[in-house]
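This is what each chain is made of:
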Amino acid sequence: MLFQCNTSHTCGKKPWSGEILILSQSSYHKEAVITARGTYFHIITGHYQCGNYLCVPNMDFGCELSYRSDTFWNAERISRHLENPVDVETLVSGIKALDSIDETT
């Protein structure tokens, strides 16, 4: 599935496209690959008793998330682990796009 990044120009650049490939999913988690602008994120995201989480094993970090659609809060959390704002925006946009995949599956 394709998705758009930086539609509000948060990175000061033109919008770009990303792609999501779902690897596995259940009612509690989703494992996927998010790619854009040459960066590859293998993510595991889901829900646990205290909220939502994100794990990015290939980037060696994990953190709590708000709702997938809360790009501001999620960007704040993810930016503690990724320095490049383009990568943060790609990951946040990809996570938000997972909601539309939920609606179609």
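Only a predicted model underlies this, so the values are computations on that prediction, with no experimental measurement involved.

The rules behind the values
Residues numbered from 1 in each chain as written. Predicted model: local features only at pLDDT ≥ 70, side-chain atom pairs only at ≥ 80, totals over all residues. Heavy atoms only, no water. Helix = DSSP H or I, 4+ residues; strand = E, 2+ residues; numbered from the N terminus. Buried < 20%, exposed > 50% of the residue type's maximum accessible area, 1.4 Å probe, protein only. Contact = heavy atoms within 4.5 Å. Areas by Shrake-Rupley, 256 points an atom, 1.4 Å probe, with all protein chains shown as cover. Lys, Arg positive; Asp, Glu negative; His and termini not counted. Charge placed at Lys NZ, Arg CZ, Asp CG, Glu CD. Pairing = 2+ DSSP bridges. Axes fitted to C-alpha atoms, helices over the stretch in contact; angles between N-to-C directions. Arc of directions from axis to C-beta. Phe/Tyr/Trp six-rings, centres within 6.5 Å; stacked < 30°, edge-to-face > 60°. Lys NZ or Arg CZ within 6 Å of the ring centre and 35° of its normal.

(A) View of the overall build of the protein. Of the regular secondary structure elements, the protein holds two helices and six strands. Element order for the protein, N to C, with α for helix and β for strand: β-β-β-β-β-β-α-α. With the C-alpha coordinates of the protein rotated into their principal frame, the extents come out at 35 × 30 × 25 Å. With 105 residues in all, the protein has 41% of them scored as buried. Of the contacts formed within the protein by residues at least 6 apart in sequence, a portion of 33% connects residues at least 24 apart. Counting only carbon and sulfur atoms, one obtains 51% of the accessible surface of the protein, whose full area is about 6100 Å². Averaging the coordinates of the 8 positive side-chain charges in the protein and doing the same for the 12 negative ones gives two points 6 Å apart.

(B) Structural context of the sheet that holds strand β4 (residues 39-48). Pairing is antiparallel across the open sheet formed by six strands, whose spatial order is β1-β2-β3-β4-β5-β6. The sheet terminates laterally at β1 (2-5) and β6 (61-65), the two strands that pair on one side only. Across the sheet, the axes of successive neighbouring strands diverge by a mean angle of 30°, strand direction being ignored. One ladder, built from five bridges, connects strand β5 (residues 51-56) with β6; its direction is antiparallel. Each residue of the ladder has a partner; that of Tyr-53, found in β6, is Glu-64. On top of the sheet, helix α1 (residues 71-78) reaches β5 and β6; it is set at about 150° to β6, its chief contact.

(C) Focus on the environment of Ala-97. Note on placement: Ala-97 falls in helix α2 (residues 85-104). By relative accessible area, Ala-97 is classed as buried at 10%.

(D) Main features of α1. All of the buried residues in α1 are Asn-74, Arg-77 and Ile-78. The arc enclosing the buried residues of α1, seen along the axis, measures out at 95°, which places them on a common side.

(E) Spotlight on the packing of aromatic side chains. Within this structure, the stated rule accounts for one aromatic pair. Seen from their ring centres, Tyr-48 and Tyr-53 are 6.1 Å apart, and the 65° between their planes marks the pair as edge-to-face. Owing to a relative accessible area of 24%, Tyr-53 belongs among the partly exposed residues under this scheme. The ring of Trp-16 carries the charged tip of Arg-37 above its face, separated from the ring centre by 5.0 Å.

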